[in-house]
Amino acid sequence: MIPEQHRERLGGCHPNLVWRIGCVINELEGKGIKMMVAPDGGLRTLRKQKALYALGRTKPGKIVTYADGVKVKSRHQSGRAADCCFRGPHPYGEEHPWNTYGETVEKWGLVWGGRWKSPDRPHAELKP
Ligand SMILES: [Zn+2]
């Protein structure tokens, strides 16, 4: 039910998360909303988390995470979080129905990062 590419990107993640994200993507697909698991949207090694943390700090780019991987760990490091984005030319564009995605994430029992003080709209994670 979850396309092969999504499965690959969620390799090593908690099976419960993989199942729920599959349900979210399928349900949205049924409404004509085309999403996918983002590149680097699944399990992250410490090395990967550190590399993402460097963006916008010691490396050029936009800040994409507040978790340095050591003092502050990301749920991606334990396979309990997934990031999704929209398929097509602007995966993170403002024009997309992010709230519909967030509501669907919550409907399937996950925490949506879009509600956080520093919103992280692609992010969904298992409840602690
Ligand atoms: Zn995330």
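Parameters and conventions
Residues numbered from 1 in each chain as written. Predicted model: local features only at pLDDT ≥ 70, side-chain atom pairs only at ≥ 80, totals over all residues. Heavy atoms only, no water. Phe/Tyr/Trp six-rings, centres within 6.5 Å; stacked < 30°, edge-to-face > 60°. Helix = DSSP H or I, 4+ residues; strand = E, 2+ residues; numbered from the N terminus. Buried < 20%, exposed > 50% of the residue type's maximum accessible area, 1.4 Å probe, protein only. Donors = N, O, S within 2.8 Å, 3.2 Å for Na, K, Ca; no water. Salt bridge = Lys/Arg side-chain N within 4 Å of Asp/Glu carboxyl O. Domains from an automatic or database assignment. Contact = heavy atoms within 4.5 Å. Buried area = accessible area lost by both parts, 1.4 Å probe. Polar contact = N/O pair within 3.5 Å; in protein donor to acceptor, adjacent residues only side chain to side chain.

(A) Representation of the packing of aromatic side chains. Scanning all chains against the criterion turns up 3 aromatic pairs. Between W98 and Y101 the ring centres are 6.2 Å apart and the planes differ by 80°, which places this aromatic pair in the edge-to-face class. Placement of both W98 and Y101 in helix 4 (residues 98-107) is noted, with a separation of 3 residues, approximately one turn of the helix. Residue W98 is classed as buried on the basis of its relative accessible area, which comes to 3%. Of the aromatic side chains, those joined through ring pairs into one cluster are F86, W98 and Y101.

(B) Expanded view of the coordination of the zinc ion. The coordination sphere of the zinc ion, as far as protein atoms go, consists of H76 (NE2), D83 (OD) and H123 (ND1), spread over 2.0 to 2.1 Å. The sequence pattern describing where the donors of the zinc ion fall on their chain is H-x6-D-x39-H. Of this pair, D83 sits in strand 2 (residues 81-86) while H123 sits in strand 4 (residues 123-125), and the two are 40 residues apart along the sequence.

(C) Local environment of the pattern of salt bridges. Taken as a whole and judged by the stated rule, the model has 9 salt bridges. In this structure, R87 engages E29 in a salt bridge whose closest nitrogen and oxygen atoms are separated by 3.1 Å. Of the two residues, R87 sits in the loop between strand 2 and helix 4 while E29 sits in helix 2 (residues 15-30), which places them 58 residues apart along the sequence. Here E29 falls in the partly exposed class, since its relative accessible area comes to 29%. A salt bridge links D83 to R44, with the nearest nitrogen and oxygen atoms 3.0 Å apart. Taken together, the positions of D83 in strand 2 and R44 in the loop between strand 1 (35-37) and helix 3 (46-54) put the pair 39 residues apart, joining distant regions of the chain. Linked by salt bridges that have partners in common, E27, K31 and K107 make up one network.

(D) Region of the structure containing the domain arrangement of the protein. Under the domain assignment used here, the protein contains domain 1 (1-43 + 79-128) and domain 2 (44-77). Taking only C-alpha atoms, the centre of domain 1 and the centre of domain 2 are 19 Å apart. Counting residues at the interface gives 13 residues for domain 1, matched by 8 residues for domain 2. Both sides of the domain 1 and domain 2 interface together cover about 820 Å² of buried area, and 44% of this is carbon and sulfur. Three residues stand out in domain 1 for area buried against domain 2, namely D40, L43 and E125, and they jointly supply 46% of the buried area on that side. Our count for the contact surface shared by domain 1 and domain 2 stands at 3 salt bridges. At the boundary of domain 1 and domain 2, one finds 11 residue pairs in polar contact (both at pLDDT 80 or more).

(E) How the structure looks around the environment of Q5. Locating Q5 in the fold gives a position in helix 1 (residues 4-9). Assessed through its relative accessible area of 35%, Q5 is described here as partly exposed. Measuring from C-alpha to C-alpha, the distance between Q5 and V37 comes to 8.1 Å, with 32 residues separating the pair along the chain.

(F) Structural context of the side chain of R44. With a relative accessible area of 9%, R44 lands in the buried category. Polar contacts involving the side chain of R44 include one to the side chain of Q49, which spans 3.1 Å. Apart from residues lying up to four places away in sequence, R44 is in contact with Q49, L52, S74, H76, Q77 and D83.

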